[in-house]
Structure formats: C-alpha cells, structure tokens
Amino acid sequence: MSHTLGIRQAQKQKTRQAFLDAALALLEEQSLSSLGLREVTRAVGVAPTAFYRHFRSTADLGVALVDEALGSLHPTVRTIVATTEDNEERIRRAVELIAHHVDTHPAHVRFIARERHGGVQPVREAIQAQLARFAEEVKAELAKDPGAEGWNDEDLLMLAHLYVDQMLITASLFLEALDAPQDERDRVTLRATRQLRLISMGRRHWLD
C-alpha cells in the first residue's frame, strides 16, 4: 500500500511541476494577469479540472512560481554578503553569482522582474515577502561585519534593503544583456560593480 501511495505522490508532484514549467514558459511572452487556466492545462495536456487538484487559481500558481524562483536563493544571497576582509572580493563575488543565476534561470528572473509590480496582488505580496526575508538575512550577515559597529537595527535594515534592491537591478541588467556580445556584458559587469562600490562607500561614511 505504501509503495502505491509513493507512486501516486510522485506522479502528483510530477504533474504539479509540469504545471509550473508550462506556466513559466507561457509567461515568457505575457504577464500572469493575462494567463488563462486553459492555456496552462492545454500546454500540460490535461483537462482543465485537473488544474484544481494542484492549485486554487492562477494566482496560487503564481505564488508557487515565486517560491520556486526565489525560495532556493536564500543560501546564495547569504553567500554574497558573507563577511570577508576584502570588500572588492565581496563585490566581485556578488556580481559573478548574480550573472550566473541569470544565465541559468532567465525565465525565473524575467517572471520576478515582471510580476514584482504586476497586476496579481497575491503574487506581488509573495515577492515582497521573499525580498523582506532576504533583507533580514542580509542584515544578519552585515551585523557580523566589524564595520557594522555602532549601527542601529533600523539603519542596518535600510542598508540591507539597498543591497537587495541593487541585486535585483543587477539581475535585470544581466537579463537585458543575456544574448548581447561579451563587450556589452562586460559593461554591465562594470556598471554593477561601480554601483555596489558606491553603496559600500556610503556605508563606510554613514556614521561620520
């Protein structure tokens, strides 16, 4: 019996992932607010009623896509801001990791960039919740840095939000240059590096 249940659960998970993959592919060319349930089920090859065994609505599907796109990134973000004595090394690592993520998950990055201010409220709220969690995690890492001595929690969180926002901007820049010549990608790398340096310079003088 348990073996049969295991097979059914695996099949259910496989179908659920098929919905997520199909929706993500369809959202390459449109926003979630315009995505039809029948479009998704047609792409998966199942009846529309099968959709409701996995999601309550397309908004619910969108929230699941947010979790898939951002949920696994928390260790990466902590790695980006982990304490290091060399600030230039931290910036270099941040830009490289963001560029690699865009190269390997462009559809997820495009989805988040489009839906962050899109027309589906539960999805906007899910994205904001993930970004707020990122900011709290960045703040916790920044607090370990000797340079954070004398900073209060409110200012540290403000700085964390600056870094998170800049990571999103950097991801969008690399997304726009995804198929561009290498010299264009090099310009994006330089611009992203300079912007992060500017934040770091302001950070060093904030308590002056």
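Residues numbered from 1 in each chain as written. Predicted model: local features only at pLDDT ≥ 70, side-chain atom pairs only at ≥ 80, totals over all residues. Heavy atoms only, no water.

S.K.: How should I be thinking about the overall build of the protein in this particular structure?
M.R.: Helices and strands together make up the secondary structure of the protein, namely ten helices and zero strands. Secondary structure elements of the protein occur, N-terminal to C-terminal, as α-α-α-α-α-α-α-α-α-α. With the C-alpha coordinates of the protein rotated into their principal frame, the extents come out at 65 × 45 × 35 Å. For the protein, buried positions account for 41% of its 208 residues. Within the protein, residue pairs in contact and separated by at least 24 positions form 65% of the contacts whose partners lie at least 6 positions apart. (Helix = DSSP H or I, 4+ residues; strand = E, 2+ residues; numbered from the N terminus. Buried < 20%, exposed > 50% of the residue type's maximum accessible area, 1.4 Å probe, protein only. Contact = heavy atoms within 4.5 Å.)

S.K.: Before we go on, may I ask you to explain the pattern of salt bridges in this structure?
M.R.: Pairs may arise between side chains of opposite charge once their charged atoms sit close together. What the rule picks out here adds up to 13 salt bridges. With a shortest N-O distance of 3.2 Å, Arg-133 and Glu-137 are connected by a salt bridge. Of this pair, Arg-133 and Glu-137 are both found in helix 8 (residues 121-143), four residues apart, which corresponds to roughly one turn of the helix. (Salt bridge = Lys/Arg side-chain N within 4 Å of Asp/Glu carboxyl O.)

S.K.: Sorry, what's going on with the packing of helix 7 (residues 106-115) against helix 9 (residues 153-176) here?
M.R.: Think of two packed helices as two axes; the pair is described by the angle between the axes and how far apart they sit. Taken N-terminus to C-terminus, the directions of helix 7 and helix 9 make an angle of 120 degrees; their axes are 10 Å apart at the nearest point. Considered as vectors, helix 7 and helix 9 are oriented oblique to each other. Pair helix 7 / helix 9 crosses with left-handed handedness. Of the residues in helix 9, those touching helix 7 at Pro-106, Val-109, Arg-110 and Ala-113 are Ala-171, Ser-172 and Leu-175. Class assignment of the residues belonging to the contact of helix 7 with helix 9 gives a composition of five nonpolar, one polar and one charged. (Axes fitted to C-alpha atoms, helices over the stretch in contact; angles between N-to-C directions. Parallel < 35°, antiparallel > 145°, perpendicular 65-115°, else oblique. Left-handed = near helix turned anticlockwise from the far one by under 90°. Nonpolar A, V, L, I, M, F, W, Y, C, P; charged D, E, K, R; others polar.)

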